Amino acid sequence: MEAVGDRGNLAGVGHILLVLSGKGGVGKSTISTELALALRHVGKKVGILDVDLCGPSIPQMLKVQGKGVHQCDSGWVPVFVDQDKSISLMSIGFLLEKPDDAVVWRGPKKNALIKQFISDVTWGDLDFLIVDTPPGTSDEHISTVESLRPYKPLGAVLVTTPQAVSIGDVRRELTFCKKTGLQVIGIVENMSGFVCPHCLECTNLFSKGGGEELARHAGVPFLGCVPLDPQLTQSLEEGRDFIQEFPKSSAFPALAHIAQQILDRTSPQGS
């Protein structure tokens, strides 16, 4: 990534990746978390910026809920997920007095915190910064994209589920990316079928193929389908490393393939 003036606390960040969807409940935080874990397992240092201010779930998914954020001369120090400091995380979840506290804020206060997260968190050297966003195309998204624009983000991964209602919302997210000049890296179809752990038969609970068809019509890459997987759900509930512990699961090859496509995108041959 080219230097853009004084990059401040983002000076050591190689690539910035946003995870978006027009629809809530499609698994943006799941994809953000598993992408970070997959990139770590190929030797990358990854930061996650959780700007879903009303639903900060990633601290629980990485089993760091209850940890505190510390101040240093340069700003806020993110929470490190492991002893090697290969994954760091910043979330409003670390700033709440109680985990059940609701964030009842109007737009200007949300926007101010997002801008502070982007400018004041001391990430250090990272290969990737993954920005997990709330659903929609509203104030928080505009503030995030505008604040990151000087740092030339790599682009956005859009997450959908197969059914038509979700596809329609993600189509609007594609329009948002076009209007804001944010490049779309590709579309992920999450919850794409359920593979029975006993007989390995795949049942398409929410239909199938909507994400791939949307990508084809929009002329953007289709990154892959991630099936419903009880082992993935369990690992997120318990804050375990799915990529390390369940390499034989049905979701593992899909997530690894998505991460590899992003790596290919950032390689000298792919750039």
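Up top is the structure.
This one's a predicted model, so the numbers in the text were calculated from it and none came from an experiment.

1. With respect to the overall build of the protein chain
So, point 1. Looking only at helices and strands, the protein chain features nine helices and 11 strands.
So, point 2. The C-alpha radius of gyration computed for the protein chain amounts to 18 Å, which stays within 12% of the reference 18 Å derived for 271 residues, consistent with globular compactness.
So, point 3. In the protein chain, which comprises 271 residues, the proportion classed as buried is 52%.
So, point 4. Sequence-distant contacts in the protein chain: of pairs separated by 6 or more residues, those separated by 24 or more amount to 76%.
So, point 5. Total accessible area on the protein chain is roughly 12,600 Å²; 51% of this is exposed by carbon and sulfur atoms.
So, point 6. Measuring between centres, the 25 positive side-chain charges of the protein chain sit 4 Å from its 30 negative side-chain charges.

2. As for the environment of Arg40
So, point 1. Of note, Arg40 is situated in helix H1 (residues 28-40).
So, point 2. Sequence separation of Arg40 and Phe128 is 88 residues, and the distance between their C-alpha atoms is 9.8 Å.
So, point 3. Aside from chain neighbours lying at most four places away, what touches Arg40 is Val46, Asp82, Ser86, Ile87 and Asp241.

3. With respect to the environment of Asp120
So, point 1. Position of Asp120 among the secondary structure elements: in helix H3 (residues 107-120).
So, point 2. Contacts of Asp120, omitting those with residues within four sequence positions, involve Asn9, Ser74, Gly75 and Trp76.
So, point 3. At 2.9 Å, the side chain of Asp120 forms a polar contact with the side chain of Ser119.

4. Overview of the packing of H1 against helix H9 (residues 252-266)
So, point 1. Where H1 contacts H9, the two axes come as close as 9 Å, and the packing angle between them is 70°. It follows from the interaxial angle that H1 and H9 lie roughly perpendicular. Across the interface between the two elements, Ile31, Glu34, Leu35, Ala38 and Leu39 from H1 touch Leu255, Ile258, Ala259, Ile262 and Leu263 from H9.
So, point 2. When the residues that make up the contact of H1 with H9 are grouped by side-chain class, the tally is nine nonpolar, no polar and one charged.

Here is what the cut-offs are and how they apply
- Residues numbered from 1 in each chain as written.
- Predicted model: local features only at pLDDT ≥ 70, side-chain atom pairs only at ≥ 80, totals over all residues.
- Heavy atoms only, no water.
- Helix = DSSP H or I, 4+ residues; strand = E, 2+ residues; numbered from the N terminus.
- Rg over C-alpha atoms; globule rule 2.2 N^0.38 Å.
- Buried < 20%, exposed > 50% of the residue type's maximum accessible area, 1.4 Å probe, protein only.
- Contact = heavy atoms within 4.5 Å.
- Areas by Shrake-Rupley, 256 points an atom, 1.4 Å probe, with all protein chains shown as cover.
- Lys, Arg positive; Asp, Glu negative; His and termini not counted.
- Charge placed at Lys NZ, Arg CZ, Asp CG, Glu CD.
- Polar contact = N/O pair within 3.5 Å; in protein donor to acceptor, adjacent residues only side chain to side chain.
- Axes fitted to C-alpha atoms, helices over the stretch in contact; angles between N-to-C directions.
- Parallel < 35°, antiparallel > 145°, perpendicular 65-115°, else oblique.
- Nonpolar A, V, L, I, M, F, W, Y, C, P; charged D, E, K, R; others polar.

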